[in-house]
Amino acid sequence: MPDLVTKLAYQTLQQGKSLMGLAHKELSTRLMGLLDPANAPRTVPVPLEVLESLRASMEQLLALDWDEAEQGLYPASLLFDAPWLDWAARYPLVWLDMPAIWNRRSQRKVRDLPSDVRAEDYPGYYLQNFHHQTDGYLSDHSAALYDLQVEILFNGSADPMRRRMLQPLVRGLRAFADRSSRQLRVLDVATGTGRTLRQIRGALPEAQLVGLDLSASYLRQANRWLSQQPHELPQLVQANAEQMPFAGGSMQAVTCVFLLHELPREARATVLQECFRVLEPGGVLVLADSVQIADSPQFMPVMENFRRVFHEPYYRDYIADDIEGHMRAAGFECVAGETHFMTRVWSGRKVAL
Ligand SMILES: C[S@@+](CC[C@H](N)C(=O)[O-])C[C@H]1O[C@@H](n2cnc3c(N)ncnc32)[C@H](O)[C@@H]1O
């Protein structure tokens, strides 16, 4: 059971991460404004009351993160789980990469990918520099920096947001009465570098985990992070989430974190249909992604700036899309949604006939 000292350590750590993220972003924005004022992103002002509301909802997120660890949903050690030395060593690379990112942004180059990428292996929408990041999702260099960049973007709250899908996931799996006599399979779609799988493994150490992603480099990075722990290694599969190489009904749960906003609307709907197909009747789907206009209208300026600063070609469509509608159309029932800081979490069930 986590104690008061651990709680204090967690709060201090999160405050430190938040300050570092804010300082990094402030410094890089000012530097870009100085070096290339004509091409600095034109952001909209964020009113003081919105900043205050953001701060309050981040505090609520961290309080809930602590509470759920204390209740035993996942071990408190997960709250401190990060490759600190590794990130410290990689941090200078984030700065060294910055001029290339600025250059790409100012020249509106959004398809600046490694020359050895075989375009026919990927859907067209994927072949872009999401967030203006070097090589898009298609190099080991990009995979090595991704977690740190996300951590900075969310002021250290990326994992607390990912963990919000654990409660509906664990609750959803209770439907399988025979769960003690067989190993349940949980698929994480668009698993990236494996941060979500690490959270799931903390909450469900007995489950058989599978991660799917289109990027071989990101899966290699996931393999590296996940093999640092003395657990069975998840099965990592390179494939398109629109056509998953799994038999229908072969998973008891599917999760998908921070993918939907990077897909065109039709692909978003197709991925949800695929999630439905691979689930066993009774199985649960849990999604986590950016908040949307309907649930968080007060954060509209923040959503607008995200789109203006980062290359996010489908974000404007995503924040107005009806995800619950897509889930129901795919066949899901008991669809529910909840908001935590900048993340919306949805769950739905493939009802047993
Ligand atoms: C924003 S990252 C999120 C990664 C991870 N879920 C996380 O929480 O950090 C989006 C991921 O989706 C993957 N991706 C994008 N489109 C995909 C598709 N059609 N099929 C499979 N993976 C896809 C990318 O390669 C990338 O790893």
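Before any of the text, the structure's been laid out above.
Residues numbered from 1 in each chain as written. Predicted model: local features only at pLDDT ≥ 70, side-chain atom pairs only at ≥ 80, totals over all residues. Heavy atoms only, no water.

### Observations regarding the site of the ligand
1) Next: Inspection of the region around the ligand gives 21 residues, with Tyr126, Arg162, Ala190, Asp213 and Val257 positioned closest.
2) Next: One nitrogen or oxygen atom from the side chain of Thr196 is found 3.4 Å from an oxygen atom belonging to the ligand.
3) Next: Across the shell around the ligand, the residue classes tally to 13 nonpolar, five polar and three charged. (Near = heavy atom within 4 Å. Polar contact = N/O pair within 3.5 Å; in protein donor to acceptor, adjacent residues only side chain to side chain. Nonpolar A, V, L, I, M, F, W, Y, C, P; charged D, E, K, R; others polar.)

### Re the side chain of Ser106
1) Next: In this structure, Ser106 sits in helix H3 (residues 84-106).
2) Next: Residue Ser106 is classed as buried on the basis of its relative accessible area, which comes to 18%.
3) Next: Side-chain polar atoms of Ser106 contact the backbone oxygen of Asn103, separated by 3.1 Å.
4) Next: Each residue touching Ser106, except ones within four places of it in the same chain, is listed here: Asp36 and Asn39. (Helix = DSSP H or I, 4+ residues; strand = E, 2+ residues; numbered from the N terminus. Buried < 20%, exposed > 50% of the residue type's maximum accessible area, 1.4 Å probe, protein only. Contact = heavy atoms within 4.5 Å.)

### With respect to the packing of helix H1 (residues 4-35) against helix H2 (residues 48-70)
Helix packing for two helices is described by the angle between their axes and how far apart those axes are.
1) Next: At a closest axis distance of 11 Å, the pairing of H1 and H2 adopts a crossing angle of 145°. H1 and H2 meet at a crossing whose hand is right-handed. For the pair H1 and H2, the contacting residues are Thr6, Lys7, Tyr10, Gln14 and Ser18 in the first and Met58, Leu62, Asp65 and Trp66 in the second.
2) Next: Of the residues that constitute the contact of H1 with H2, the class distribution is four nonpolar, three polar and two charged. (Axes fitted to C-alpha atoms, helices over the stretch in contact; angles between N-to-C directions. Left-handed = near helix turned anticlockwise from the far one by under 90°.)

### A look at the sheet that holds strand S1 (residues 185-189)
1) Next: Read from one edge to the other, the open sheet built from seven strands follows the order S3-S2-S1-S4-S5-S7-S6, with strand pairing classed as mixed. The sheet is open, and its two borders are formed by strand S3 (235-238) and strand S6 (333-340), each paired with just one other strand. Ignoring which end each strand starts from, the neighbouring axes of this sheet average 15° apart.
2) Next: Alignment of S6 against strand S7 (residues 343-349), held across six bridges, turns out to be antiparallel. Directly across from Gly337, in S7, lies its bridge partner Trp346.
3) Next: In this fold helix H6 (residues 166-173) packs onto S1, strand S4 (251-257), strand S5 (279-290) and S7, with an angle of close to 175° to the strand it touches most, S5.
4) Next: Taken strand by strand, helix H12 (residues 323-330) contacts S5, S6 and S7, and its axis lies near 20° from that of S7. (Pairing = 2+ DSSP bridges.)

### Overview of the packing of H6 against helix H7 (residues 195-203)
1) Next: At a closest axis distance of 11 Å, the pairing of H6 and H7 adopts a crossing angle of 50°. The angle between H6 and H7 places the two elements in the oblique class. Relative to H7, the crossing made by H6 is right-handed. On H7, the residues that touch Leu166, Leu169 and Val170 of H6 are Gln199, Ile200 and Ala203.
2) Next: Across the contact of H6 with H7, the residue classes break down as five nonpolar, one polar and no charged. (Parallel < 35°, antiparallel > 145°, perpendicular 65-115°, else oblique.)

### Let's talk about the pairing of S7
1) Next: Extensive coverage of S7 is indicated by the burial of seven of its seven residues.
2) Next: Of the pairings in the sheet, the one linking S5 to S7 comprises seven bridges and is antiparallel in character. Bridge pairing in S7 links Ser290 to Thr343.
3) Next: Here S6 folds back onto S7, and the loop between the two strands holds two residues, one of which, Phe341, carries a positive phi near 55°.

### What to know about H12
1) Next: All of the buried residues in H12 are Ile323, His326, Met327 and Ala330. In an axial view of H12, the angular spread of the buried residues amounts to 100°, which keeps them on one side of the axis.
2) Next: Those residues of H12 that are buried are in contact with helix H9 (265-278), S5, helix H11 (315-319), S6 and S7.
3) Next: Gly331 lies just past H12 and shows a positive phi near 120°. (Arc of directions from axis to C-beta.)

### Comments concerning the nonpolar core
1) Next: Leu169, Leu187 and Val189 are the most contacted members of the largest nonpolar core, which totals 89 residues.
2) Next: Among all residues touching Leu169, those that are not within four sequence positions of it are Val186, Ile200, Leu204, Ala253, Thr255, Val284 and Val286.
3) Next: In terms of nonpolar packing, the next biggest core, distinct from the first, is built from seven residues, Trp87, Leu148, Ile152 and Trp225 among them. (Core = buried A, V, L, I, M, F, W, Y, C linked by side-chain atoms within 4.5 Å.)

### A short note on helix H10 (residues 300-309)
1) Next: Among the residues of H10, those classed as buried are Pro301, Met303, Glu304, Asn305 and Phe306.
2) Next: Packed against the buried residues of H10 are helix H4 (140-153) and H11.

### Some remarks on the environment of Gln273
1) Next: With respect to the helices, strands and loops of the structure, Gln273 is situated in helix H9.
2) Next: With 54 residues separating them along the chain, Gln273 and Met327 place their C-alpha atoms 7.8 Å apart.

### Notes on the packing of aromatic side chains
1) Next: For the coordinates displayed, the defined rule picks out 14 aromatic pairs.
2) Next: Taking the centre distance of 5.4 Å and the plane angle of 50° together, the rings of Phe306 and Phe310 count as tilted.
3) Next: Residue classification places Phe306 among the buried positions, given a relative accessible area of 16%.
4) Next: A network of ring pairs unites the aromatic residues Tyr122, Tyr126, Phe130, Tyr137, Tyr146 and Tyr218 as a single cluster.
5) Next: If you follow Lys350 out to its NZ or CZ, it ends over the ring of Phe276, 4.7 Å from the centre. (Phe/Tyr/Trp six-rings, centres within 6.5 Å; stacked < 30°, edge-to-face > 60°. Lys NZ or Arg CZ within 6 Å of the ring centre and 35° of its normal.)

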